[in-house]
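# A closer look at the structure
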Amino acid sequence: NAGVTQTPKFRILKIGQSMTLQCAQDMNHNYMYWYRQDPGMGLKLIYYSVGAGITDKGEVPNGYNVSRSTTEDFPLRLELAAPSQTSVYFCASSYTGRAGNTIYFGEGSWLTVV
Amino acid sequence: GENVEQHPSTLSVQEGDSAVIKCTYSDSASNYFPWYKQELGKRPQLIIDIRSNVGEKKDQRIAVTLNKTAKHFSLHITETQPEDSAVYFCAASIRGSGGGADGLTFGKGTHLIIQP
């Protein structure tokens, strides 16, 4: 199993540009998440999904959109990039939402908006 | 929503000594408390976790304690080694409630430095 795979690993965007961060998992996990991590800070939940066709907002959803057309894929869309979206983005997945179910993280995507 | 506070932000200890990182949480309904280790430029990785029906859990040199009444939990690392140097994050979650998953609320992290 490759686990959770994110692309791209690094990206520089200009203000106002759009892009999609791709995330795929091959563990047949139902739950998927997108977090952002700002320097010196913990991870904050952007969006999550409990299964194909179902998505919900997390703590910091503004400026982002997601979709979950398949169990495996959970792309994160930035429509109008802003400098405040400069961050490291982590996709993650877990089998269920039950306590004790390990959340597996991807390797991260470093995004800079200039 | 849940709020997790983590202290200290930086902790420097001599190799071989013990390190303790403390977290508090606000929502008494939280029932799952994992700890993640993140090395520079890498992804967070789960090192130990505890559920609310357990007061302490150990795994070799790592232990976690939970005080539900006081709403705080701690990570203890004994006999620290250079490879323990990393940023450690605590987190809290209300999971298994029958509703949807809301992921984890993370603390801001503790940069643990092991001095040779």
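What you are looking at is a predicted structure, and each value in this text was computed from that prediction instead of being measured.

## Looking at the pairing of strand S3 (residues 19-25) of chain A
All names here are of chain A. Residue alternation in S3 divides its side chains into a buried set, Met19, Leu21, Cys23 and Gln25, and an unburied set, Thr20, Gln22 and Ala24. Pairing between strand S1 (residues 4-7) and S3: 4 bridges, direction antiparallel. Across the sheet, the residue bridging to Gln6 is Cys23, located in S3. Pairing geometry for S3 and strand S8 (residues 76-78), over 3 bridges, is antiparallel.

## Quick look at the environment of Gly51(A)
All names here are of chain A. When you line up the elements, Gly51 lands in strand S5 (residues 43-51). Between the C-alpha atom of Gly51 and that of Asn30, which follows or precedes it by 21 residues, the distance is 5.0 Å. Excluding its chain neighbours within four sequence positions, the residues that come into contact with Gly51 are Asn30 and Arg68.

## A closer look at the environment of Gln22(A)
Take Gln22(A): it is sitting in strand S3. Here the alpha-carbon distance between Gln22(A) and Trp110(A), two residues 88 residues apart in the chain, equals 13 Å.

## Focus on the confidence of the model for chain B
Residues and elements named next belong to chain B. Summary statistics for chain B give a mean pLDDT of 90 and a share of 93% for residues scoring 70 or more. Taken element by element, chain B is modelled with least confidence in strand S10 (residues 105-106), mean pLDDT 88, and with most confidence in strand S2 (residues 10-14), mean pLDDT 98. Every residue in residues 96-101 is under pLDDT 50, and counting partners more than four places away or in other chains gives 10 contacts.

## Observations regarding the state of the cysteines
All names here are of chain B. Within the structure shown, the criterion is met by 2 disulfides over all chains. The disulfide bridge from Cys23 ends at Cys90, spanning 1.9 Å between sulfur atoms. Between Cys23 and Cys90 the sulfur-sulfur dihedral comes to about -100°; the bridge is accordingly left-handed. Highlighted residues: Cys23 in strand S3 (residues 19-25) and Cys90 in strand S9 (residues 86-92), separated in sequence by 67 residues. The exposure class assigned to Cys90 is buried, which follows from its relative accessible area of 0%.

Rules and cut-offs
- Residues numbered from 1 in each chain as written.
- Chains lettered and ligands numbered in written order.
- Predicted model: local features only at pLDDT ≥ 70, side-chain atom pairs only at ≥ 80, totals over all residues.
- Heavy atoms only, no water.
- Buried < 20%, exposed > 50% of the residue type's maximum accessible area, 1.4 Å probe, protein only.
- Helix = DSSP H or I, 4+ residues; strand = E, 2+ residues; numbered from the N terminus.
- Pairing = 2+ DSSP bridges.
- Contact = heavy atoms within 4.5 Å.
- pLDDT = per-residue confidence, 0-100.
- Disulfide = S-S within 2.5 Å.

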